[in-house]
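# Analysis of the macromolecular model
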Amino acid sequence: MIGPLARTIRVGGFMIAVAIAVATLPTPAGCFPWSIDMYRGPEVQPYAEAPRVTPADTIPVHGGEPPMSLEQATIKMHNPLQPTPENLTNGKQQFNTYCAPCHGESGQGNGPVAHLLAKPPKDLVAGTSKDLPDGYIYGAIRDGILSMPSYAEEMPPEQRWQIVMYLRSLQAASAKAKVAGN
């Protein structure tokens, strides 16, 4: 004789087997009328019409600046911003975000990750950078130079010019300190 617990287990097992059998049975899928519109729609041929011609003198889509070499940037690019306190503050903020990890907050090449780099970062305050034109520094920030990466995608042109402006203020402060110290 089977006890009530064994009968409950047997019935429960039977119910699970029936549920699995019902769940695995193939069922016909109904097709909605809009699910085959891709097959019945009009055929579109690529280049059935000629592509639009880009108008002359338009801005490129890769950032709004025409491509130019570092030499061209040195000659053609000039800082359009005025050295206002707001521009210098924004330049300092951008410099501390993007430049200070390698060049240090003082710009002397002693940033917290400088020891990890294969080549030490340039001293932007007392090195040869103080004699370079603004366009050269701007081009180096935009396109990268030597082991320095490009920051063209990270910051717009205005912020790059603000960094150049702030760097010039660091260089001027260093020159004043040297004159006062001698």
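A quick note: this is a predicted structure, and the numbers were derived from the prediction, not measured. (Residues numbered from 1 in each chain as written. Predicted model: local features only at pLDDT ≥ 70, side-chain atom pairs only at ≥ 80, totals over all residues. Heavy atoms only, no water.)

To continue, consider the pattern of salt bridges. Where charged atoms from two side chains of opposite charge come close, those side chains can pair. Per the stated rule, a full pass over the model turns up three salt bridges. Here Lys-130 and Asp-131 are joined by a salt bridge, their closest N and O atoms 3.6 Å apart. A salt bridge links Arg-168 to Asp-134, with the nearest nitrogen and oxygen atoms 2.7 Å apart. Highlighted residues: Arg-168 in helix H6 (residues 157–181) and Asp-134 in helix H5 (residues 134–143), separated in sequence by 34 residues. (Salt bridge = Lys/Arg side-chain N within 4 Å of Asp/Glu carboxyl O. Helix = DSSP H or I, 4+ residues; strand = E, 2+ residues; numbered from the N terminus.)

With that settled, the discussion passes to the packing of aromatic side chains. Tallying each qualifying case throughout the model produces three aromatic pairs. Relative to Tyr-166, the ring of Phe-95 lies with its centre 5.5 Å away and its plane at 55 degrees, an arrangement referred to as tilted. Linking Phe-95 in helix H4 (residues 85–103) with Tyr-166 in helix H6, this pair joins segments that are 71 residues apart in sequence. Taking the relative accessible area as the measure of exposure, Tyr-166 reaches 10% and is therefore buried. (Phe/Tyr/Trp six-rings, centres within 6.5 Å; stacked < 30°, edge-to-face > 60°. Buried < 20%, exposed > 50% of the residue type's maximum accessible area, 1.4 Å probe, protein only.)

Note on placement: Gln-171 falls in helix H6. Of the polar contacts made by the side chain of Gln-171, one reaches the side chain of Arg-168; its length is 2.8 Å. Gln-171 has contacts with Leu-124, Val-125, Ser-129 and Lys-130, leaving out every residue within four places of it along the chain. (Polar contact = N/O pair within 3.5 Å; in protein donor to acceptor, adjacent residues only side chain to side chain. Contact = heavy atoms within 4.5 Å.)

Once that is clear, we can look at the environment of Gln-93. Inspection of the secondary structure assignment puts Gln-93 in helix H4. Residues Gln-93 and Gln-162, 69 residues apart in the sequence, show an inter-C-alpha distance of 9.4 Å.

In this structure, Met-77, Phe-95, Ile-141, Ile-163 and Val-164 are the most contacted members of the largest nonpolar core, which totals 18 residues. Elements that contribute at least two residues to this core include exactly H4, H5 and H6. For this core, the element with the most residues is H6, which contributes six residues. Setting aside residues up to four positions removed in sequence, Met-77 forms contacts with Glu-65, Met-68, Gln-72, Gly-135, Tyr-138 and Trp-161. (Core = buried A, V, L, I, M, F, W, Y, C linked by side-chain atoms within 4.5 Å.)

Taking 1.5 Å per residue, 19 residues should reach 27 Å; H4 reaches only 23 Å between its end C-alpha atoms and comes up short. Of all the bends in H4, the greatest measures close to 50 degrees and is centred on Asn-96. Within the sequence span of H4, burial applies to Asn-87, Gly-91, Gln-94, Phe-95, Cys-99, Ala-100 and His-103. Residue Gly-104 follows H4 closely and has a positive phi angle near 85 degrees. (Expected span 1.5 Å × (residues − 1). Bend = angle between axes of the 7 residues up to and from the residue.)

On to H5, then. Counting buried residues along H5, seven of its 10 residues qualify, which places the element largely inside the surrounding structure. Inspection of H5 places Gly-135, Ile-137, Tyr-138, Gly-139, Ala-140, Ile-141 and Arg-142 among the buried residues, and these make up the whole buried set. Once H5 ends, the next one or two residues include Gly-144, with phi positive near 80 degrees.

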